[in-house]
Amino acid sequence: MSASPNTADATGDTTSSPQDTESSQPLSKDTIFHILQVQRRRLTLQYLQGRTDAVSLRDLAEQVAAWENNMSVVELTSKERQRAYISLYQTHLPTLDTEGIVEYNKDRGTIRRTSRADQFDPYLFDTVPHHASESSTDSALDLRWERYYLGGTLFSTSLLGAKLLQLPLVSQLASQLIIPIILSVFSILTAGHYYTRSVLPESNPIEKVTQLFSHRGPSN
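These lines cover the structure that appears in this document, whether it is placed above or below.

Reading the values: rules and limits
- Residues numbered from 1 in each chain as written.
- Predicted model: local features only at pLDDT ≥ 70, side-chain atom pairs only at ≥ 80, totals over all residues.
- Heavy atoms only, no water.
- Helix = DSSP H or I, 4+ residues; strand = E, 2+ residues; numbered from the N terminus.
- Buried < 20%, exposed > 50% of the residue type's maximum accessible area, 1.4 Å probe, protein only.
- Contact = heavy atoms within 4.5 Å.
- Pairing = 2+ DSSP bridges.
- Axes fitted to C-alpha atoms, helices over the stretch in contact; angles between N-to-C directions.
- Salt bridge = Lys/Arg side-chain N within 4 Å of Asp/Glu carboxyl O.
- Core = buried A, V, L, I, M, F, W, Y, C linked by side-chain atoms within 4.5 Å.

### Here we look at the overall build of the protein chain
- Helix and strand counts for the protein chain come out as eight helices and three strands.
- Listed N to C, the secondary structure of the protein chain is α-α-α-β-α-α-β-β-α-α-α in terms of helices and strands.
- For the protein chain, with 220 residues in total, the buried portion stands at 33%.
- Considering only intrachain contacts with a sequence separation of at least 6, the fraction spanning at least 24 residues in the protein chain is 61%.

### Some details on the sheet that holds strand β1 (residues 55-56)
- Reading across from one edge, β1-β3-β2 is the order of the three strands in this open sheet, with antiparallel pairing throughout. Each having just a single partner strand, β1 and β2 (102-105) make up the two edges of the open sheet.
- Where β1 lies against strand β3 (residues 110-113), two bridges are found, and the strand directions are antiparallel. Its bridge partner being in β3, Ser56 is matched across the sheet by Thr110.
- Strand contacts of helix α3 (residues 39-48): β1, β2 and β3, with the helix running at about 75° to β3, the strand carrying the most contacts.

### A short note on the side chain of Thr44
- Residue placement: Thr44 occurs in helix α3.
- Looking at Thr44, the relative accessible area reads 1%, which means it is buried.
- Discounting chain neighbours no more than four positions away, the residues touching Thr44 are Leu60, Val64, Leu88, Leu93 and Leu96.

### Details of the pattern of salt bridges
- Taken as a whole and assessed by the stated rule, the structure comprises five salt bridges.
- Of the charged contacts, one joins Glu62 and Arg58 as a salt bridge, the two residues approaching to 3.7 Å between their closest N and O atoms. With a gap of four residues between them, Glu62 and Arg58 both fall in helix α4 (residues 57-68), about one helical turn apart.
- Through salt bridges that share partners, Arg58, Glu62 and Arg81 make up one connected network.

### Points about the pairing of β3
- Because side chains alternate across β3, one face comprises the buried residues Ile111 and Arg113, and the other comprises Thr110 and Arg112, none of which is buried.
- Alignment of β2 against β3, held across four bridges, turns out to be antiparallel. In the sheet register, Val102 faces β3, and the bridge partner there is Arg113.
- Adjacent in sequence and paired antiparallel, β2 and β3 are bridged by four residues, among which Gly109 carries a positive phi angle near 70°.

### Describing the nonpolar core
- Of all hydrophobic cores here, the largest spans 24 residues; its most connected members are Leu93, Ile101, Ile111 and Phe120.
- Mapped by element, the contributors of at least two residues to this core are α2 (29-36), α3, α4, α5 (78-98) and β2.
- Among all residues touching Leu93, those that are not within four sequence positions of it are Thr44, Leu57, Leu60, Leu88, Val102, Tyr104 and Ile111.
- With five residues, the next largest nonpolar core counts Ala65, Met71, Leu76 and Ala84 among its residues.

Okay, structure coming up:
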């Protein structure tokens, strides 16, 4: 009886599958640069960098869209998500799969990085942050706090102006109360800023800030 090609022989050696052999072959520089010239393929490889498990197409598409739009995943619109999803599904993932860079299961919607993807690592270190949506989330959070401080400044300026002009309601407010009110506004802003940055969990900080300043629930 002949031994199966997938079983070990008497010496304990095993045969390598054609796919394993192919994935270990180096890509030409022209192929590498051709893959990297498209931003969505670069971001896909960045997302997969260091991952050994399979990831879902949905998660990949959301993060790629977030990086493209310089925002967090929770801030994406359905149109932005769909645009990245369709592009990856129809074009870029099949291209990476054909080159043996990823294993793309179109039916299950899963992607797994292969050893051939290691050849792209030297070109990806400065593409985007290694931790998902870290910089885009920080940028969006800083912008939101700028708006809060701007609102506090406008409120304080309006209050002082209304007192000087002796406008109704405000004119009846004692002058010695104006400064404490303004100080209270900025004290609340500062405490809230510190709380969201240092106390709350880092996951979904945009949603946490929204909950502090409104009665709406987190956006879906």
